[in-house]
Amino acid sequence: VVTAAAARVAARAGIDPEIRVTASPAEGRAAAREAVAAGASLVVVVGGDGSVRSAAAILAGTGISLGIVPGGTGNLLAAALGIPRQPERAIAVLVTARERAIDVGRAWVGSSPAVPMPFVVAAGAVYLAAVLAGHNQKGLPAFSIYGRDVQDGGDTSIPADVAEKLLQFARA
């Protein structure tokens, strides 16, 4: 479906993209590395936040633009950027979209602190895991619990927007 939509939009825009279908995160990272080596100016990822995160980690600092076509479960970054969920509309937006920079964070986790894990949407630990588990137990979507602002590492306060979402969750 997405490949056909991409072909229709590309034909209307007069462009001839190289389309690669990947089946695993490793294949996606390899495709992004190949695009960097080939001097691509744009890499479009069709997938969810994990696929986008993997490509963003490879493309960060290269000057290569990252286009996003939502295709995963959450699609938090695509939603935050205002990208339409419908593939053909998202692809059409790419043709006329203006570039904007986004941050790629890195978190050192697990037993291998020398290898950072990149992120583009949010990073959380115990607090976020507990909230997601509670939502899952109640059968509620968890994506609206994120706060608007990034907090300093030592800040233990709960921002007003997050407190309100927690109260809504507790009342549900």
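Note that the structure is a prediction, hence the values are computed from the model and not measured. (Residues numbered from 1 in each chain as written. Predicted model: local features only at pLDDT ≥ 70, side-chain atom pairs only at ≥ 80, totals over all residues. Heavy atoms only, no water.)

A. Just the overall build of the chain, in detail. The number of helices and strands found in the chain is 7 helices and 4 strands. N-terminal to C-terminal, the α/β element order of the chain is α-α-β-α-β-α-α-β-β-α-α. In the chain, which comprises 172 residues, the proportion classed as buried is 26%. As displayed, the chain has an accessible area near 11200 Å², and 57% of this comes from carbon and sulfur atoms. (Helix = DSSP H or I, 4+ residues; strand = E, 2+ residues; numbered from the N terminus. Buried < 20%, exposed > 50% of the residue type's maximum accessible area, 1.4 Å probe, protein only. Areas by Shrake-Rupley, 256 points an atom, 1.4 Å probe, with all protein chains shown as cover.)

B. Examining the nonpolar core more closely. Within the largest apolar cluster, 19 residues are counted, with the highest numbers of intra-cluster contacts made by Val43, Val52, Ile68 and Ile91. Looking at this core, the elements that each hand over two or more residues are helix H1 (2-13), strand E1 (42-47), helix H3 (49-59), strand E2 (65-70), helix H4 (76-80) and helix H5 (87-96). Sort the elements by how many residues they give to this core and H3 lands first, with 4 residues. Among residues more than four places away in sequence, those in contact with Ile91 are Val2, Ala5, Ala6, Val9 and Val69. (Core = buried A, V, L, I, M, F, W, Y, C linked by side-chain atoms within 4.5 Å. Contact = heavy atoms within 4.5 Å.)

C. A look at the pairing of E1. Because side chains alternate across E1, one face comprises the buried residues Val43, Val45 and Gly47, and the other comprises Leu42, Val44 and Val46, none of which is buried. As paired strands, E1 and E2 are joined by 6 bridges and run parallel to one another. Looking across to E2, one finds that Val46 is bridged to Val69. Viewed along the sheet, the connection from E1 through H3 into E2 turns out right-handed. (Pairing = 2+ DSSP bridges. Right-handed = clockwise from strand over helix to strand, strands pointing away.)

D. Layout of the side chain of Asn75. Relative to the helices and strands, Asn75 resides in the loop between E2 and H4. Not counting chain neighbours up to four residues away, the residues in contact with Asn75 comprise Gly47, Gly48, Asp49, Pro70 and Arg85.

E. Summary view of the environment of Glu88. Mapped onto the fold, Glu88 is located in helix H5. Taking relative accessible area as the criterion, Glu88 reaches 28% and is therefore assigned partly exposed. Separated by 19 residues in the primary sequence, Glu88 and Val69 place their C-alpha atoms 8.7 Å from one another. The residues contacting Glu88, other than those within four sequence positions of it, are Ala5, Arg8, Val9 and Arg12.

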